Amino acid sequence: GLNKGSYCEAAISSATTVGSIMLLIMLCMCLGQMFIMVGAPQEITKAVLSISDSKVVILLLINLIFIVMGMLVTDLVSILLIVPLLLPLVTQIGVHPVQFGAIAITNLAMGTVTPPYATVFYLGLRMGKAKINEGLKPLLILIIFGYLPILILTTYIPALSLALPRMMGLL
């Protein structure tokens, strides 16, 4: 039950968690601003365009970056750090910022179920009282037949991610 002692304990635990999340957000925002001030987005754009000027190849590289980031860090960190760095590049190759957001979120959602970070995967295993080896085959099926086709469609068919905002008169 909730009494004075357990309430104080829960409040301290919540405050500690919120404080650490806010600190993480602040540090990511500071690092992101520093990257922007030193011209990192422009350098990334130049570097990627020196590899290829093909929109298909660049979008593939961006997807790989987001997939790896999604596997290693939280989505919030990826959004705060990677999106501002890559936005100038994607707009230069003709990708609408809304489509870029859809690409980023689809990739990061896949990252939440892809080990080693895989917070959603591990949560699902815990809730289902399953072992990792029992969840890997269904996870692989989900990634191959669920996430990857959606990622490909979102990345290479802009009309899909832009349809709803256009219907609502937002674009």
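Small disclaimer: the values here were computed from a predicted structure and weren't measured. (Residues numbered from 1 in each chain as written. Predicted model: local features only at pLDDT ≥ 70, side-chain atom pairs only at ≥ 80, totals over all residues. Heavy atoms only, no water.)

Enquirer: What's the story with the packing of helix H4 (residues 75–92) against helix H5 (residues 97–111) in this structure? I'm lost.
Expert: For any two helices packed against each other, the geometry comes down to the angle between their axes and how far apart the axes lie. Axis separation between H4 and H5 bottoms out at 10 Å; the angle between their running directions is 145 degrees. Both H4 and H5 take part in a crossing whose hand is right-handed. Packed against H4, whose contacting residues are Asp75, Ser78, Ile79, Val83, Leu86, Leu87, Val90 and Thr91, the element H5 presents Pro97, Phe100, Ala104, Ile105 and Leu108 at the interface. Residue classes in the contact of H4 with H5 are distributed as 10 nonpolar, 2 polar and 1 charged. (Axes fitted to C-alpha atoms, helices over the stretch in contact; angles between N-to-C directions. Helix = DSSP H or I, 4+ residues; strand = E, 2+ residues; numbered from the N terminus. Left-handed = near helix turned anticlockwise from the far one by under 90°. Contact = heavy atoms within 4.5 Å. Nonpolar A, V, L, I, M, F, W, Y, C, P; charged D, E, K, R; others polar.)

Enquirer: Help me understand the side chain of serine 161, please; the structure alone is not making it clear to me.
Expert: Inspection of the secondary structure assignment puts serine 161 in helix H8 (residues 158–167). Filtering out sequence-adjacent residues up to four positions away, serine 161 remains in contact with Val98, Gln99, Ala102 and Thr154.

Enquirer: Which parts of the structure should I look at to understand the packing of helix H3 (residues 55–72) against H4?
Expert: Following both chains from N to C, one finds H3 and H4 inclined at 175 degrees, their axes separated by 11 Å at the closest point. With respect to their mutual orientation, H3 and H4 come out roughly antiparallel. Two secondary-structure elements touch here, H3 through Ile58, Ile62, Ile65, Phe66, Met69 and Gly70 and H4 through Ser78, Ile82, Val83, Leu86, Leu89 and Val90. For the contact of H3 with H4, the residue count by class is 10 nonpolar, 2 polar and no charged. (Parallel < 35°, antiparallel > 145°, perpendicular 65-115°, else oblique.)

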